[in-house]
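# Coordinate analysis (summary)
Each chain, written out:
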Amino acid sequence: MRVLGVDPGLRNMGWGVIDVNGSRISHVANGICHSTGDDLAQRLLSLHMQLSQVIADHAPDTAAVEQTFVNKDAVATLKLGQARAIALLVPAQAGLSVGEYAPNAVKKCVVGVGHADKKQVDHMVRLQLPGVNIAGPDAADALAIALCHAHHARSAGRLAEAVRRAS
């Protein structure tokens, strides 16, 4: 299974792709989509085109996106929500199922602590994906989201198998 993780952002949208084969997880690629354009519509379009290219280049089987947390600044939260819509729309357009995870759930899964800082997330991603060259903090977060999705998918698969055997 190939998993795309996306850390939504209007300026910088992190992405990471991992392969999952049983208990073995390996890094495929990661990067950051930087929005361009003078207005919101152009910035969203640039993110859409870049993320579409990531999917075309790496052919993931499934995707995962971090849920938006609410800021005190309502305008910033709305703009982040629009970038998050691109992060959900592009994989859906490609026919992928998309999992959504709260930031604390991702950190708890990858680091073991729900309120870990970015340095801790980066460190644990590097431990789980030895030798990885991470494009930046947004890419590290995206890889953490992909790892979280992979762990949840494996757990769901084990549960489904146990239920099948019990039936």
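The structure contained in this document is the topic of the report that follows. All of these numbers come straight from a predicted model, not from anything done at the bench.

## Focus on helix 1 (residues 40-58)
Given a rise of 1.5 Å per residue, 19 residues ought to cover 27 Å, and the 27 Å separating the end C-alpha atoms of helix 1 matches this to within 8%. Among the residues of helix 1, those classed as buried are Leu44, Ser46, Leu47, His48, Leu51, Val54, Ile55 and His58. One or two steps after helix 1, the chain reaches alanine 59, where phi turns positive at roughly 45°.

## Observations concerning helix 2 (residues 74-93)
Owing to its 3.6 residues per turn, the α-helix brings residues three or four apart onto one side. Between its terminal C-alpha atoms helix 2 stretches 28 Å, which fits the 28 Å expected from 20 residues at 1.5 Å a residue. Regarding helix 2, the residues found buried are Thr77, Leu80, Ala83, Arg84, Ile86, Ala87, Val90 and Pro91. Mapping the buried residues of helix 2 onto a view down its axis gives an arc of 165°, with all of them on the same face. Looking at helix 2, the residues exposed on the side facing more than 90 degrees away from the buried face are Ala74, Val75, Leu78 and Gln93. Its buried side turned inward, helix 2 meets strand 1 (2-7), strand 2 (12-21), helix 1, strand 4 (62-66) and strand 5 (97-101). With a side-chain oxygen lying 3.2 Å from the backbone nitrogen of valine 75, the N-terminal cap of helix 2 falls on aspartate 73.

## Things to note about the nonpolar core
Formed by 24 residues in total, the largest nonpolar core has its most connected members in Ile18, Ile25, Val125, Leu129, Ile134, Leu143 and Leu147. Of all the secondary structure elements, the ones that give two or more residues to this core are strand 2, strand 3 (24-34), helix 3 (103-110), helix 4 (118-128) and helix 5 (137-166). No other element matches helix 5, which puts nine residues into this core. When near neighbours in sequence (up to four residues on either side) are disregarded, leucine 147 contacts Ile18, Ile25, Val110, Val125, Gln128 and Leu129. Formed by 20 residues, the second largest nonpolar core is a distinct cluster that contains Trp15, Leu51, Ala87 and Val90.

## Re the pattern of salt bridges
Inspection of every chain in the model, using the stated rule, returns four salt bridges. Residue glutamate 100 is joined to arginine 84 by a salt bridge in which the shortest nitrogen-to-oxygen separation is 2.1 Å. Of this pair, glutamate 100 sits in strand 5 while arginine 84 sits in helix 2; the two residues are 16 residues apart in sequence, bridging distant segments of the chain. Judged by relative accessible area, arginine 84 falls into the buried class, the value being 13%.

The rules we used
- Residues numbered from 1 in each chain as written.
- Predicted model: local features only at pLDDT ≥ 70, side-chain atom pairs only at ≥ 80, totals over all residues.
- Heavy atoms only, no water.
- Helix = DSSP H or I, 4+ residues; strand = E, 2+ residues; numbered from the N terminus.
- Expected span 1.5 Å × (residues − 1).
- Buried < 20%, exposed > 50% of the residue type's maximum accessible area, 1.4 Å probe, protein only.
- Arc of directions from axis to C-beta.
- Contact = heavy atoms within 4.5 Å.
- Polar contact = N/O pair within 3.5 Å; in protein donor to acceptor, adjacent residues only side chain to side chain.
- Core = buried A, V, L, I, M, F, W, Y, C linked by side-chain atoms within 4.5 Å.
- Salt bridge = Lys/Arg side-chain N within 4 Å of Asp/Glu carboxyl O.

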